[in-house]
Amino acid sequence: MEGLKLRKCWRRSCVAVLVSASIAVFAYLSVPEAFPRLDDLPPFEKTKAGALSNVRRKELERELFSELRRWDTSSRRFPGTKAGLEAREASWRGMAAEGLELADIVLRVLDPSSRRVYSLTSAMRRLEHLAAQGDSGAMCLMVGLVNVASVRHDFRNFQEKYNQWLLEGARVGHPECWDQLGGRMLFGTDGHGKQESMGLQYLFRASARGYVHGAGSLAIFFRERGMAHVDDARRCYCWSYVADKERLSESEMVWGSATLVLQQLRKEHPPGAKTEWDGLLKELADQDYSAADCIALGKGDIK
């Protein structure tokens, strides 16, 4: 009799454990943002971080930051939805294995392959620790990581902290912080006052260092200012083209923002009128612009 009671008790305990485990798994899969990423990520080997050269670290950081904003969609570097997402995650895992801790931190919040977003808490704590030790990449990653994770998290919980480190990262000269801060100053967003001249200066600096993922902000800014003059139109198209090259594959360029700018200009200035616009339209259609070309076009009437 006593044995029967024990067996029943054991069965009830097993059922309770299974139910609890099922609930936990369901919660983990349904609301991953409430949990740290628990699956299949190896521990980060900190000894490799120390062995990574500064040159190689800068190369890896530039690629990581350029892909972060498009973490859950196709890009020029990683085209295609499923294949592209899997290739991006594999690339980030390779960076982490090579010694870039920032890539490991990103992967503990973002899972490109499944498009899941996990808890930011531990990642932000680690980034603050690295930033306090002088890691300028960590200073800049805070704002970028919170931005893309804000589909599942309230960015306001982290806004004061990431803005503090964003300013410091820009002060010490990290191009990613220049890019992030420049875009905010250009439009007066995310707690930063509108300072167009300073915003352009930061974005131009970042672009000159190969951080051209802010080209889209520049394209929007110059398009909003209008294209009444040839120089204004060339400047707007140039940044639109560079932004498209950064984010779109070769085949996707035909429906990018640069194409829309060109279509607008052709509508407003039909070819064949034998004006300065004729020469511009031909130039825009044939030219393969770079960020350096756009920078050389200047800021227009903004000092």
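None of the values given here were measured: they were computed from a predicted structure.

About the cut-offs
- Residues numbered from 1 in each chain as written.
- Predicted model: local features only at pLDDT ≥ 70, side-chain atom pairs only at ≥ 80, totals over all residues.
- Heavy atoms only, no water.
- Disulfide = S-S within 2.5 Å.
- Helix = DSSP H or I, 4+ residues; strand = E, 2+ residues; numbered from the N terminus.
- Buried < 20%, exposed > 50% of the residue type's maximum accessible area, 1.4 Å probe, protein only.
- Axes fitted to C-alpha atoms, helices over the stretch in contact; angles between N-to-C directions.
- Parallel < 35°, antiparallel > 145°, perpendicular 65-115°, else oblique.
- Left-handed = near helix turned anticlockwise from the far one by under 90°.
- Contact = heavy atoms within 4.5 Å.
- Phe/Tyr/Trp six-rings, centres within 6.5 Å; stacked < 30°, edge-to-face > 60°.
- Lys NZ or Arg CZ within 6 Å of the ring centre and 35° of its normal.

## A closer look at the state of the cysteines
Stage number 1. The full count for this structure, using the stated rule, is two disulfides.
Stage number 2. A sulfur-sulfur distance of 2.0 Å marks the disulfide that ties Cys-140 to Cys-177. Handedness here is read from the sign of the S-S torsion; for Cys-140 and Cys-177, about -115 degrees, the answer is left-handed. Of this pair, Cys-140 sits in helix α7 (residues 136-149) while Cys-177 sits in helix α9 (residues 175-187), and the two are 37 residues apart along the sequence. For the pair Cys-140 and Cys-177, one class covers both residues: buried.

## Topic: the packing of α7 against α9
Stage number 1. Two numbers describe how α7 lies on α9: the axes approach to 8 Å, and their chain directions differ by 55 degrees. As the angle between them shows, α7 and α9 are arranged oblique. Here α7 runs over α9; the crossing is left-handed. Within the contact between the two elements, α7 uses Met-139, Cys-140, Val-143, Gly-144 and Asn-147 and α9 uses Glu-176, Cys-177, Gln-180 and Arg-184.

## Comments concerning unusual backbone geometry
Stage number 1. Positive phi is not limited to glycine here, since Arg-115 has a value of about 60 degrees.
Stage number 2. Counting through the fold element by element, Arg-115 comes out in the loop between β1 (110-111) and β2 (116-117).
Stage number 3. You can call Arg-115 partly exposed: its relative accessible area is 42%.

## A few points about the packing of aromatic side chains
Stage number 1. Under the defined criterion, the tally for this structure stands at seven aromatic pairs.
Stage number 2. For the pair Phe-221 and Phe-222, a centre-to-centre distance of 5.3 Å together with 70 degrees between the ring planes defines the contact as edge-to-face. As far as burial versus exposure is concerned, Phe-221 and Phe-222 are alike and both buried.
Stage number 3. Plain terms: the ring middles of Tyr-237 and Tyr-289 are 6.1 Å apart, the flat faces sit at 65 degrees to each other, and that makes the pair edge-to-face. In this pair, Tyr-237 sits in helix α12 (residues 230-247) while Tyr-289 sits in the loop between α14 (276-286) and α15 (291-296), placing the two residues 52 residues apart along the sequence.
Stage number 4. Overall, the relative accessible area of 5% leaves Tyr-237 in the buried class.
Stage number 5. Ring pairs connect the aromatic residues Phe-187, Phe-221 and Phe-222, which therefore count as one cluster.
Stage number 6. Residue placement shows Arg-235 over the ring face of Phe-222; its charged tip is 5.7 Å from the ring centre.
Stage number 7. Over the aromatic face of Phe-204 sits the side chain of Lys-299, whose NZ or CZ is 5.9 Å from the ring centroid.

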